[in-house]
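Spelled out from the first residue to the last, the chains are:
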Amino acid sequence: GNDEQFRYESATLLATVLHMHRGTPYVYQSDEIGMTNVPFTQLSDYRDIESLNYYNEAVAGGADPAEILAALQIRSRDNARTPVQWDASANAGFTTGEPWIAVNPNYRDINVAADRASERSIFRYYQRLIELRHSMPVVALGDFQLLEPEHPHLYAFTRTLAEETLLIVANVSNDPLLVDLIADRDPAEIIIGNYSQADATVLGPWEARVYR
């Protein structure tokens, strides 16, 4: 995703794609408010033993320490282990003491309180997705068919149960995307999407829609 220019769109697109698949969807700690990777800049910031071992082994083997740190910023499991960002108070409202690992410095802007107060709440979008899984058997039980498997930026598939079919389309890029299969299939309605205004055949950057 693009967690700078399109954080809301990226977070809700990924949620849409996950929750519209078969199987059990998992909401990992603070996916539901769009928390981001933490910008740790030194090895001492990390706690994950796998990350520490990887860094030490790679550097001992001649790798550039700066490059390894950059890789950890993207891939370390500690990105998903920083304290939940509850509000804009000290330590993101997680503790009045010292947390075991540093809080992401963007907590003043990205936190539960801010998301709940926002008109574009990622949390409320997750609630809608979960409600669809409970209210529409096709979401949990429908057959899966991948569409356009070679497309570099379109992730599209259908879910079908009996006479009901859902079409899921997602633009995993920073640019608008013309999607012919939307018009080709003439879907009846959008039951959920992460844009308030939807162009008939063009998906916006990181836009996702579910058609019935």
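This text follows the structure it describes.
Let me begin by describing the structure that accompanies this report. (Residues numbered from 1 in each chain as written. Predicted model: local features only at pLDDT ≥ 70, side-chain atom pairs only at ≥ 80, totals over all residues. Heavy atoms only, no water.)

1. Thoughts on the pattern of salt bridges
Condition: Salt bridge criterion: a side-chain nitrogen from Lys or Arg within 4 Å of a carboxyl oxygen from Asp or Glu. Secondary structure counts use DSSP, requiring at least four H or I residues in a row for a helix and at least two E residues in a row for a strand, with both numbered from the N terminus. Burial classification: accessible surface area is computed with a 1.4 Å probe over protein chains only, and a residue below 20% of its type maximum counts as buried, one above 50% as exposed, and the rest as partly exposed.
This model, assessed by the stated rule, comprises eight salt bridges. Where D48 meets R77, a salt bridge forms, and the shortest distance between an N and an O atom there is 2.8 Å. Taken together, the residues D48 in the loop between helix 1 (7-19) and helix 2 (49-60) and R77 in the loop between helix 3 (65-75) and helix 4 (112-117) connect sequence positions 29 residues apart. Using a relative accessible area of 3% as the deciding quantity, one classes D48 as buried. Between E207 and R209 there is a salt bridge, with the nearest N and O atoms lying 2.7 Å from each other. The two residues E207 and R209 agree in class, both being buried. Overlapping salt bridges, with partners in common, bring together D48, E50, R77, D78 and R81 in one network.

2. Things to note about the sheet that holds strand 7 (residues 208-211)
Strand pairing in a sheet takes place through backbone hydrogen bonds and is either antiparallel or parallel in direction. Heads up, the rule is: Pairing between two strands requires that DSSP report at least two bridges joining them. Axis definition: a line fit to C-alpha positions, over the contact stretch in the case of helices; interaxial angles, taken between N-to-C directions, run 0 to 180 degrees.
Spatially, five strands are ordered 1-2-3-7-5 in an open sheet, and the strand pairing comes out antiparallel. The open sheet has two edge strands, strand 1 (143-147) and strand 5 (190-193), and neither has a second partner. Between one strand axis and the next, the sheet turns through 15 degrees on average, direction left out of account.

3. A word on unusual backbone geometry
Positive phi outside glycine occurs at E148, with the angle close to 50 degrees. Within the fold, E148 resides in the loop between strand 1 and strand 2 (154-161). Residue class for E148 comes out partly exposed when judged on its relative accessible area of 41%. Backbone geometry places W206, a non-glycine residue, at a positive phi of 55 degrees.

4. Details of helix 2
Convention followed: Under the convention used throughout, the expected extent of a helix is 1.5 Å for every residue step, that is, one less than its residue count. The arc under discussion is defined with respect to the helix axis, by the directions toward the C-beta atoms.
With 12 residues, helix 2 extends 16 Å from end C-alpha to end C-alpha; this agrees with the ideal 16 Å at 1.5 Å per step. Of all the residues in helix 2, the buried ones are S51, Y55 and A58. Down the axis of helix 2, the buried side of the element spans an arc of 75 degrees, and every buried residue falls inside it. In helix 2, those exposed residues whose orientation departs by more than 90 degrees from the buried face are I49, E57 and A60. Phi turns positive one or two residues past the end of helix 2, at G62, with a value near 105 degrees.

5. Quick notes on the packing of aromatic side chains
Keep this limit in mind: Working definition: a ring pair exists when centres of Phe, Tyr or Trp rings (six-membered ring for Trp) sit within 6.5 Å. Plane angles under 30 degrees give stacked, over 60 give edge-to-face, the rest tilted.
Here the structure, examined in full by the defined rule, presents three aromatic pairs. Ring plane angle 85 degrees and centroid distance 5.1 Å describe the contact between F40 and Y46, whose orientation is recorded as edge-to-face. Residue F40 is classed as buried on the basis of its relative accessible area, which comes to 4%. With relative accessibility at 3%, the residue Y46 sits in the buried group. Ring geometry for F144 against F157: centres 5.2 Å apart, planes inclined by 35 degrees, an arrangement best described as tilted. Placement of the pair is F144 in strand 1 and F157 in strand 2, with a sequence separation of 13 residues. When its relative accessible area of 36% is taken as the criterion, F144 is described as partly exposed. The rings of F144, Y155 and F157 are connected pair by pair, giving a single aromatic cluster.

6. Observations regarding the packing of helix 2 against helix 3
Spelled out, the test is: Oblique is the label for any angle not covered by the other classes, which are roughly parallel (under 35 degrees), roughly antiparallel (over 145) and roughly perpendicular (65 to 115). Should the near helix be turned anticlockwise from the far one by less than a right angle, the crossing is left-handed, and should it be turned clockwise, the crossing is right-handed. Contact between two residues is taken to exist if any of their heavy atoms lie within 4.5 Å; hydrogens are not considered. All amino acids are sorted into three groups, where Ala, Val, Leu, Ile, Met, Phe, Trp, Tyr, Cys and Pro are nonpolar, Asp, Glu, Lys and Arg are charged, and the leftover types, Gly among them, are polar.
Direction vectors running N to C along helix 2 and helix 3 enclose 155 degrees, while the axes themselves pass 10 Å from each other. If you check the angle between helix 2 and helix 3, you find them roughly antiparallel. Between helix 2 and helix 3 lies a crossing of right-handed hand. Contact residues: S51, Y54, Y55, A58 and V59 in helix 2; P65, I68, L69 and L72 in helix 3. Considering only residue class, the contact of helix 2 with helix 3 consists of eight nonpolar, one polar and no charged.

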